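Remarks on the overall topology
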Amino acid sequence: MVALYTHPAMLGHNPGAGHPEHPGRLKAVLDALADAGLDGEAVAATQAEVADLERVHPAGYVQTILNAGPDEGLAYLDPDTVLSPGSVRAARLAAGATLQAVRAVAVGDRRRAFCAVRPPGHHAEPDRAMGFCLFSNLAIAARAAQGLGLERVAVIDFDVHHGNGTQAAFEADDSLFLGSIHQSPLYPGTGEASETGVGNIVNAPVAPHTDPRAWRAAFEGRLMAGLDAFAPDLVLISAGFDAHRRDPLAHQSLEAEDFAWATRAVLGVARRHAKGRVVSSLEGGYDLEGLGRSAVAHVQALAEE
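So, a few notes on the structure that sits alongside this text. The model shown is predicted, which means the values in this text are computed figures rather than measured ones.

Right, let's get into the sheet that holds strand E1 (residues 3-6). Across the sheet, 8 strands lie side by side as E2-E1-E5-E10-E9-E6-E7-E8; this open sheet has parallel pairing. In this open sheet, the two strands that pair with only one neighbour each are strand E2 (42-44) and strand E8 (201-206). Adjacent strand axes in the sheet meet at a mean angle of 15 degrees, parallel and antiparallel pairs treated alike. Pairing analysis gives 5 bridges linking strand E6 (residues 153-157) to strand E7 (residues 176-183), with the strands arranged parallel. Looking across to E7, one finds that Ala 154 is bridged to Phe 177. Strand contacts of helix H9 (residues 288-302): strand E5 (112-115), strand E9 (234-239) and strand E10 (278-282), with the helix running at about 165 degrees to E5, the strand carrying the most contacts.

See below:
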């Protein structure tokens, strides 16, 4: 069984009517997992401590975000990244969920986990909130894992948007690895194949409307080849499902089964190098039907031995 880390207070992050990253996204994921019987190992997330947030983000940035939540109404960090009164708590819970999951895996209490969280994290750079993201959830968790002895930590990101925040946190440290497959051109405009960090970044940009067979070939030939060569002690997944064919924010053609296939590919490498240890965290996905189906397919694949 895959442990499910989440918290209902993450529904309290409400960036306003018409915003694509709305509370209904998390509810759709949790309802779909419950309908599929995949919510039996649910764990209530706790808020990330400031010291953990500061593993990736400068102290001044952390305090700015912690103080930015409005008492009422909305506060705009940029046109896309909006805070409501419940947003800061939700962001600390989102980061906290990934930290709890990674710590449980690191000490052997769990082997696999899925963090159903919002706001997402992979666009948050060390000193900048953007793209709906406040804290770099998986980068923070990766640093915590290293503190517990898992020295080589990888993130595989199949969200349709490039994980620029994770790249910014990782690109100068060869003990960390990022493999990202994403549509290009598309927000945030980063993620060219030429962006390789210190040899620890593998970007696989794909064109709009890429055939799913070509997407799979790029995932296997670039991301999995790079991950295998890196030989991680732990694999984290930035699980965005906005490359689904129904998604309104991008132009890809994937179905739920493609995300299940990608998950199995990651597990294959994780079994060879990381004792099968994988923690996944929700990123994007903005069509509720496609999101729910894809999350179920992903978690079902994560549960396979």
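Right, let's get into the packing of helix H1 (residues 23-35) against H9. Put simply, H1 and H9 touch, their axes get as near as 8 Å, and they point 45 degrees apart. As judged from the angle between their axes, H1 and H9 are oblique. Considering only the axes of H1 and H9, their crossing is right-handed. Only Leu 288, Leu 291, Gly 292, Ala 295, Val 296 and Val 299 of H9 make contact with H1, whose side of the interface consists of Gly 24, Arg 25, Ala 28, Val 29, Ala 32 and Leu 33. The residue makeup of the contact of H1 with H9, split by class, is 9 nonpolar, 2 polar and 1 charged.

To locate leftover empty space, one rolls a probe as large as a water molecule over the atoms. Of the voids in this model, the largest pocket is the one considered here, and its volume is about 160 Å³. Along the walls of the largest pocket sit 15 residues, with His 123, Gly 131, Phe 132, His 161 and Tyr 187 positioned nearest its centre. Residue composition of the lining of the largest pocket, by class: 6 nonpolar, 5 polar and 4 charged.

A few words on the pattern of salt bridges. Counted according to the given criterion, the structure contains 16 salt bridges. The salt bridge involving Arg 246 is made with Asp 287; its shortest N-O contact spans 2.8 Å. In this pair, Arg 246 sits in the loop between E9 and helix H8 (256-273) while Asp 287 sits in the loop between E10 and H9, placing the two residues 41 residues apart along the sequence. The class for Asp 287 is buried, based on a relative accessible area of 17%.

With that settled, the discussion passes to the packing of aromatic side chains. Applying the stated criterion to the full structure yields 8 aromatic pairs. An aromatic cluster is built from Phe 158, Phe 241 and Phe 259, whose rings are joined through pairwise contacts. Directly above the aromatic system of Phe 230 lies the positively charged group of Arg 152, at a separation of 4.1 Å from the ring centroid.

Rules used in this analysis
- Residues numbered from 1 in each chain as written.
- Predicted model: local features only at pLDDT ≥ 70, side-chain atom pairs only at ≥ 80, totals over all residues.
- Heavy atoms only, no water.
- Pairing = 2+ DSSP bridges.
- Helix = DSSP H or I, 4+ residues; strand = E, 2+ residues; numbered from the N terminus.
- Axes fitted to C-alpha atoms, helices over the stretch in contact; angles between N-to-C directions.
- Contact = heavy atoms within 4.5 Å.
- Parallel < 35°, antiparallel > 145°, perpendicular 65-115°, else oblique.
- Left-handed = near helix turned anticlockwise from the far one by under 90°.
- Nonpolar A, V, L, I, M, F, W, Y, C, P; charged D, E, K, R; others polar.
- 1 Å grid on protein atoms, 1.4 Å probe; cavity = no way out; pocket = protein on both sides within 12 Å on 5 of 7 lines; lining within 4 Å.
- Points joined across faces, edges and corners; volume = space filled by probe spheres on them.
- Salt bridge = Lys/Arg side-chain N within 4 Å of Asp/Glu carboxyl O.
- Buried < 20%, exposed > 50% of the residue type's maximum accessible area, 1.4 Å probe, protein only.
- Phe/Tyr/Trp six-rings, centres within 6.5 Å; stacked < 30°, edge-to-face > 60°.
- Lys NZ or Arg CZ within 6 Å of the ring centre and 35° of its normal.

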